[in-house]
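Summary of the model geometry
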Amino acid sequence: MKITLILIALFTFTNCGKMLINRQTDSVAIKKEVDTFLVNWHKAASDANFDAYFNALDSSSFYIGTAAEEIWTKKDFSAFSKPYFDKGKAWDFKTLERNIQVNNIGNFVWFNELLHTWMGTCRGSGVLEKVNNNWVIKQYVLSVTIPNNDIQAVIKAKQKNDSIFLKNYKY
């Protein structure tokens with residue numbers, strides 16, 4: 001009886017360790033897969049490949065741009081962007097660094113990335129979900145980075161537009 005219990009305990013601990021190693025390995029593989037997905041997504045914009053770019057977005061996704069009013073649904077963002085893609089020149093974001101986190105099940109990731117863009121250094125962040133064995137972007141947020149030493153000048157520069165925008169919120 002004792003030997004049976006010892007064998008069961010040993011088997012259980014061995015399998016738990018293997019599951020932990022597999023989960024860690026899966027996390028590394030998922031991060032590589034997502035990194036490649038995001039590299040290809042940014043490349044689709046720089047190549048003005050409309051279908052590849054917008055097929056990466058989930059039908060219920062949001063793209064949040066740099067202006068306060070830019071909370072785009074996929075439909076609205078693709079309509080806004082189509083003329084740029086049709087001209088063969090969308091935007092070209094080069095990734096400087098990227099951090100990816102994976103949930104325990106491996107079907108959701110969230111990330112942040114530092115980008116070199118036509119606007120200078122920007123920050124992107126987002127959430128992806130694996131649906132039918134394919135990653136889709138659920139939300140992407142693009143932010144212009146502002147050095148702390150420059151924030152007062154930026155606040156002053158946007159003060160007029162902020163006051164107009166905030167009237168929409170009765171603020």
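As the structure is a prediction and not an experimental result, all values here were calculated from the model.

**Quick notes on the overall build of the protein chain**
- A count of helical and extended segments in the protein chain gives four helices and six strands.
- Listing each helix as α and each strand as β along the protein chain from the N terminus yields α-α-β-β-α-β-β-β-β-α.
- A burial count over the protein chain gives 28% of its 171 residues as buried.
- Of the contacts formed within the protein chain by residues at least 6 apart in sequence, a portion of 45% connects residues at least 24 apart.
- Of the roughly 11,800 Å² of accessible surface on the protein chain, 58% is carried by carbon and sulfur atoms.

**Some words on the sheet that holds strand β2 (residues 71-73)**
- Across the sheet, which stays open at both edges, the six strands sit in the order β2-β1-β6-β5-β4-β3 with mixed pairing between neighbours. Here the strands that pair on one side only, and so sit at the sheet edges, are β2 and β3 (94-102). Strand after strand, the sheet turns through a mean of 15° between neighbouring axes, direction not considered.
- Inspection of the sheet shows β3 paired to strand β4 (residues 108-117) by eight bridges, in the antiparallel sense. The residue of β4 that forms the bridge with T95 is L115.

**Section: helix α4 (residues 151-166)**
- Along its 16 residues, α4 runs just 19 Å from first to last C-alpha, ending more than 12% under the 22 Å computed at 1.5 Å per residue.
- Largest kink in α4: about 50°, centred on Q159.

**Let's talk about the environment of N104**
- Considering the arrangement of structural elements, one finds N104 in the loop between β3 and β4.
- Taking the C-alpha atoms as reference points, N104 and S27, 77 residues apart in sequence, are found 8.7 Å from one another.

**Observations regarding the nonpolar core**
- Residues W41, Y53, Y63, F85 and L128 are the most contacted members of the largest nonpolar core, which totals 31 residues.
- Breaking this core down by element, the ones donating at least two residues are α1 (2-46), α2 (50-55), β1 (57-64), α3 (74-86), β3, β4, β5 (120-131) and β6 (134-144).
- Tallying contributions element by element places α1 first for this core, with seven residues.

**Here we look at the side chain of H42**
- Tracing the backbone through its elements, the reader meets H42 in helix α1.
- If near-sequence neighbours (up to four positions away) are discounted, H42 is found in contact with F93, T95, R98, E113, L115 and Y140.

**As for the packing of aromatic side chains**
- On inspection of all chains with the given rule, the structure shows 18 aromatic pairs.
- On the numbers, 4.7 Å between centres and 15° between planes, the contact of W41 with Y53 is stacked. Linking W41 in helix α1 with Y53 in helix α2, this pair joins segments that are twelve residues apart in sequence.
- Relative accessible area serves as the criterion here: at 1%, Y53 is assigned to the buried category.

**What about a nonpolar patch on the surface?**
- On the surface, a cluster of nonpolar side chains totalling about 280 Å² of accessible area is made up of V144, I146, I151 and I155.
- The residue I155 is located in helix α4 in this model.

**Section: the layout of surface pockets**
- Its boundaries defined by the atoms lining it, the largest pocket holds a volume of some 290 Å³.
- Around the largest pocket sit 14 residues that line it, and E70, F80, W91, W118 and M119 are the ones nearest its centre.
- In terms of residue count, the dominant contributor to the lining of the largest pocket is α3 (three residues).

**Re α3**
- If you check α3, its first and last C-alpha atoms are 17 Å apart, about what 13 residues at 1.5 Å a residue would give, namely 18 Å.
- The axis of α3 is deflected most strongly, by about 35°, at F80, and proline P83 appears within four residues downstream.
- Following α3 by one or two positions, G88 has its phi on the positive side, about 80°.

What counts as what
Residues numbered from 1 in each chain as written. Predicted model: local features only at pLDDT ≥ 70, side-chain atom pairs only at ≥ 80, totals over all residues. Heavy atoms only, no water. Helix = DSSP H or I, 4+ residues; strand = E, 2+ residues; numbered from the N terminus. Buried < 20%, exposed > 50% of the residue type's maximum accessible area, 1.4 Å probe, protein only. Contact = heavy atoms within 4.5 Å. Areas by Shrake-Rupley, 256 points an atom, 1.4 Å probe, with all protein chains shown as cover. Pairing = 2+ DSSP bridges. Axes fitted to C-alpha atoms, helices over the stretch in contact; angles between N-to-C directions. Expected span 1.5 Å × (residues − 1). Bend = angle between axes of the 7 residues up to and from the residue. Core = buried A, V, L, I, M, F, W, Y, C linked by side-chain atoms within 4.5 Å. Phe/Tyr/Trp six-rings, centres within 6.5 Å; stacked < 30°, edge-to-face > 60°. Patch = residues over 30% accessible without salt bridge, like charges linked within 9 Å, V, L, I, M, F, W, Y side chains within 5 Å. Salt bridge = Lys/Arg side-chain N within 4 Å of Asp/Glu carboxyl O. 1 Å grid on protein atoms, 1.4 Å probe; cavity = no way out; pocket = protein on both sides within 12 Å on 5 of 7 lines; lining within 4 Å. Points joined across faces, edges and corners; volume = space filled by probe spheres on them.

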